[in-house]
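# Architecture at a glance
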2 protein chains.
Amino acid sequence: MNIRHVPPGGGESPCHYRRALEIVSTKWTVLVFYELEFGKKRYSELKRRIEGVTQKMLTQTLRQLERDGLVKREVYPTVPPTVEYELTPLGMTLIEPMRALHQWTEAHYDAVLRAREAYDDEGLRSPD
Amino acid sequence: MNIRHVPPGGGESPCHYRRALEIVSTKWTVLVFYELEFGKKRYSELKRRIEGVTQKMLTQTLRQLERDGLVKREVYPTVPPTVEYELTPLGMTLIEPMRALHQWTEAHYDAVLRAREAYDDEGLRSPD
DNA sequence: CCGAATCCGTTCCGATACTG
DNA sequence: CAGTATCGGAACGGATTCGG
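Nothing here was measured: the structure is a model prediction, and the numbers come from that model.

Another aspect to go through is the pattern of salt bridges. Residues and elements named next belong to chain B. Taken as a whole and judged by the stated rule, the model has 19 salt bridges over all chains. E35 is the salt-bridge partner of K41, the closest N and O atoms lying 3.9 Å from each other. Here K41 falls in the buried class, since its relative accessible area comes to 8%. As a salt-bridge pair, K40 and E74 come within 4.0 Å of each other at their nearest N and O atoms. In this pair, K40 is assigned in the loop between α2 (27-36) and β1 (41-42) and E74 in strand β2 (residues 71-76), connecting sequence segments 34 residues apart. You can call E74 partly exposed: its relative accessible area is 26%. Members of the salt-bridge network, linked through shared partners, are K40, K72, E74, E84 and E86.

Okay, the side chain of D68(B) next. Along the polypeptide, D68(B) turns up in the loop between α4 (55-67) and β2. Given the relative accessible area of 1%, D68(B) is considered buried. A polar atom in the side chain of D68(B) sits 2.5 Å from the side chain of R116(A). Sequence-distant contacts of D68(B), defined by excluding residues within four places in its chain, comprise V112(A), A115(A), R116(A), I23(B) and L90(B).

This next bit is on the sheet that holds strand β2 (residues 71-76) of chain A. Residue and element names in this part refer to chain A. Here we have 3 strands laid out as an open sheet, ordered β1-β3-β2, and antiparallel in their pairing. Lying at the two open borders of the sheet, with one neighbouring strand each, are β1 (41-42) and β2. With 2 bridges connecting them, β1 and strand β3 (residues 82-87) associate as antiparallel partners. Of the residues in β3, the one forming a bridge with K41 is Y85. Each of β1, β2 and β3 is contacted by helix α2 (residues 27-36), which is oriented at about 95 degrees to β3, the strand it contacts most. In the packing of helix α4 (residues 55-67) onto the sheet, contacts are made with β2 and β3, and the angle to β2 comes to roughly 115 degrees.

For the rest of this paragraph, the subject is the packing of α2(B) against α4(B). What describes two packed helices is the angle between their axes and the distance between those same axes. All names here are of chain B. Where α2 meets α4, the axes come as close as 10 Å, and the angle between the chain directions of the two elements is 75 degrees. Here α2 is positioned roughly perpendicular relative to α4, judged by the angle of their axes. Touching W28, T29, V32 and F33 of α2 are M57, L58, T61, L62 and L65, all from α4.

Reading the values: the criteria
Residues numbered from 1 in each chain as written. Chains lettered and ligands numbered in written order. Predicted model: local features only at pLDDT ≥ 70, side-chain atom pairs only at ≥ 80, totals over all residues. Heavy atoms only, no water. Salt bridge = Lys/Arg side-chain N within 4 Å of Asp/Glu carboxyl O. Buried < 20%, exposed > 50% of the residue type's maximum accessible area, 1.4 Å probe, protein only. Helix = DSSP H or I, 4+ residues; strand = E, 2+ residues; numbered from the N terminus. Polar contact = N/O pair within 3.5 Å; in protein donor to acceptor, adjacent residues only side chain to side chain. Contact = heavy atoms within 4.5 Å. Pairing = 2+ DSSP bridges. Axes fitted to C-alpha atoms, helices over the stretch in contact; angles between N-to-C directions. Parallel < 35°, antiparallel > 145°, perpendicular 65-115°, else oblique.

Pasting the structure below:
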């Protein structure tokens, strides 16, 4: 398999990587994933655990993941409604790649912050 | 190291993974990365190879990557200006995680598309 | 050749109110 | 409890114009 999305010749490629990126492009998607990685959870529990998410964004994110076949939604007809979400087998295959990204963050995010400071300081100096 | 960003106890965590995600959150970021993975390239070459990118977005993406210390920008004072971009050592450490995500795409994107079709078809059926 | 600056339509997202 | 509906501001992103 080749990583190139455009062959050296300069021709077109049907690589849909760009489209696929949208699957995990939002921050909420990732956070939902890290919650469900440990097993099924109820809607309210997700909402409680994912700091700062609105019910609109949480629902929207879950719907999208369900549509993409990454998350399974299960409704129990109890008197107060109960809805549980869990990763599908397909969804579980995404855990590893996301874990790799997460580990990169843990290892290098400080360096990024330092780079930003250096870059911003540089801009302040008058070039004389 | 633990992947959990919120401990089971329910306490807060200073995990900045959300912020870090923004580094690679745009589609252009990823495409630029896959170009520079093979060595330094000129601005015009990047623009030519990355189908559909506007100069605004390309410049904006490159500036951001430069600020984050992932890409190095080199200006040659030639008569027509020449600017080359290349990954920094820090930037190169991101290649592997992104490759993992890319490989996931190659392997499972078809399944996602099928899941979408199934989901959408389901919605068309009147629940009766 | 490389890029900044502006305008402007579209999309995103939070806040709020309402439902089974 | 688990959503849906609507509104409005903010941010994104494309097209265009101008500058070194």
